[in-house]
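Observations on chain architecture
The primary structure of each chain is shown beneath.
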Amino acid sequence: MEQGLHSKRCWLDGQLQEATILFQDGIITSILKGNQPQRHNVKDVGNSIVMPGIIDAHVHVNEPGRTEWEGFDTATQAAAAGGITSMVDMPLNASPVTTSASAFQKKLHASVGKLHVNCGFYGGLVPGNIHELKFLIAAGVLGVKAFLTHSGIDEFPNVGLEELNAAMPLLAKHNVPLLVHCELSDALHAEALIADPTNYKAYLNSRPKEWENKAVAMMIDLCRKHQCRTHIVHVSSAECLPLIAAAKAEGLPLTAETCPQYIYFKAEEIKDGNTLYKCAPPIREQANNHLLKLALKNSVLDFVATDHSPAPPNIKEIESGNLLKAWGGIAALQFLLPSAWTALQHELSLEKFIPLLTEYPAEFLKLDNKKGFLREGYDADIVVWSEIETVVVKEEHILHKHKASPYAGKQLKGTVHGTIVHGQPVFDGQKIIHKNQGQWLLRK
């Protein structure tokens, strides 16, 4: 049966306008602009924003193999509670890591019956697996991820110029993006952290902007050489921004993202020993992070993604406060929308903000023929939310496997009222109501 939503503010054709969105069998069937039609099956949500479901293009689910860290069941419930209808899982920190076709099949099998939102997958580039890339591409991965420094997982070693020069022509041939963790590390900056492992400033200084800047410059040179779609993940150093802007002006196929933690938090306010804030690259100073916001406003950075990377409290070293030993990752999936909006509300209009979570990641992932827009014939993946309502995040609200998140206790602006996946309400503002509505997002 055809159903619908009516709002005075639907995100259509780049603006918020009154309309009714009708959908049936998981597809948007028609869009009626203007006053609400007299139909019993249309829900009026008043002045709430109705927009395409959010797409998080950077998530670590950790299943199979490290499901005690997270897993598809809890991750996709948390995603739905945050208005996310599609997400893409990184090739680590699962075990086995997704660096072969056989490991990818294990990943798909592990997700069956646990997808409450849609999920795509990346493959991984590591030393010695270049021969596997063609099979991963054929199997439908949406991109290939590589690290230029230690990933934190020994099964996923970093690559160098040899592997990059071998892989990028193949990826360019198939128009598959290479996603790169850009830090070129050295052993010169760790002494202070080793001496005082709970000191946040010592942790920040142990991974300087210089590492990121050099890595981004190297990847731009390789992007130019191979004309391979190259994506810089989790940009944290504002000193990279002129390099990225120049590469885009040159016409190189380069894109870049940042994460809410790099624009919402600031190093000056992080207390020593609070390992919940440890991520890599690190959360930097307020002045740096303000420039990242402006880069989103000016389209130097393309979109926002969480880099959701949770771990159990003991692996986060919450009791010890040891930043040297703690897992480097932020539990953030459920809070992409409110954390990003809270951080950006004074810099960006809604009209500039909404595409950062919807159409721009859809375009990057080549899903924009069915997702990222409210259009007839597109998937009925929809979120209803208010940009003016605030909520203090309480542990009982958090649907991740572990409640440990730096967003716990924070007052965030932007409240999700409902999340619809393929025409079915999965989250109703209070709880998960219809499970298993998600589908695999595989590249054709």
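Our subject is the structure listed above.
To keep things clear, this report deals only with the structure shown in the data block. Keep in mind it's a predicted model, so treat the numbers as computed, not measured.

1. Section: the overall build of the chain
Looking only at helices and strands, the chain has 13 helices and 18 strands in total. The C-alpha radius of gyration computed for the chain amounts to 21 Å, which stays within 12% of the reference 22 Å derived for 444 residues, consistent with globular compactness. Per-residue burial over the chain gives 61% buried out of 444 residues. Within the chain, residue pairs in contact and separated by at least 24 positions form 75% of the contacts whose partners lie at least 6 positions apart. For the chain, the computed accessible surface area is about 16400 Å², with 50% contributed by carbon and sulfur atoms.

2. So, the side chain of Asp 307
Along the chain, Asp 307 falls in the loop between β14 (303–304) and α11 (336–344). It is Lys 145 that comes nearest to the buried, bridge-free Asp 307 among opposite-charge side chains, at 5.9 Å. Separated by 3.2 Å, the side chains of Asp 307 and His 60 make a polar contact. If near-sequence neighbours (up to four positions away) are discounted, Asp 307 is found in contact with His 58, His 60, His 234, Cys 259, Gln 261 and Ile 330.

3. What about the pattern of salt bridges?
Evaluation of the coordinates by the stated rule reveals 17 salt bridges. When the shortest N-O distance is used, the salt bridge between Glu 183 and Arg 207 registers 2.8 Å. Of this pair, Glu 183 sits in the loop between β11 (178–181) and α5 (191–195) while Arg 207 sits in the loop between α6 (200–206) and α7 (209–226), and the two are 24 residues apart along the sequence. In terms of burial, Glu 183 and Arg 207 fall into one category: buried. The closest approach of N and O atoms between Asp 428 and Lys 431, which form a salt bridge, is 3.7 Å. Taken together, the shared-partner salt bridges in this structure form one network comprising Asp 221, Arg 224 and Glu 250.

4. Some details on the sheet that holds strand β8 (residues 118–121)
The strand order across the open sheet built from 4 strands is β6-β7-β8-β18, with neighbouring strands paired in parallel fashion. On the outer flanks of this sheet lie β6 (54–59) and β18 (440–441), each paired with one strand and no other.

5. Some words on the pairing of strand β2 (residues 15–24)
Looking along a regular strand, one sees the side chains alternate between the two faces of the sheet. Summarising burial for β2: 7 of the 10 residues are buried, a large majority. Bridge count for strand β1 (residues 3–12) against β2 is 8 bridges, and the pairing is antiparallel. Counterpart to Gly 4 in the pairing with β2 is Leu 22. In terms of strand pairing, β2 meets strand β3 (residues 27–33) through 6 bridges, oriented antiparallel. Residue pairing for β3: Ala 19 is matched across the bridge by Lys 33. A loop of 2 residues connects β2 with β3, the two strands running antiparallel in sequence, and Asp 25 in this loop sits at a positive phi of about 55°.

Calculation rules
Residues numbered from 1 in each chain as written. Predicted model: local features only at pLDDT ≥ 70, side-chain atom pairs only at ≥ 80, totals over all residues. Heavy atoms only, no water. Helix = DSSP H or I, 4+ residues; strand = E, 2+ residues; numbered from the N terminus. Rg over C-alpha atoms; globule rule 2.2 N^0.38 Å. Buried < 20%, exposed > 50% of the residue type's maximum accessible area, 1.4 Å probe, protein only. Contact = heavy atoms within 4.5 Å. Areas by Shrake-Rupley, 256 points an atom, 1.4 Å probe, with all protein chains shown as cover. Lys, Arg positive; Asp, Glu negative; His and termini not counted. Salt bridge = Lys/Arg side-chain N within 4 Å of Asp/Glu carboxyl O. Polar contact = N/O pair within 3.5 Å; in protein donor to acceptor, adjacent residues only side chain to side chain. Pairing = 2+ DSSP bridges.

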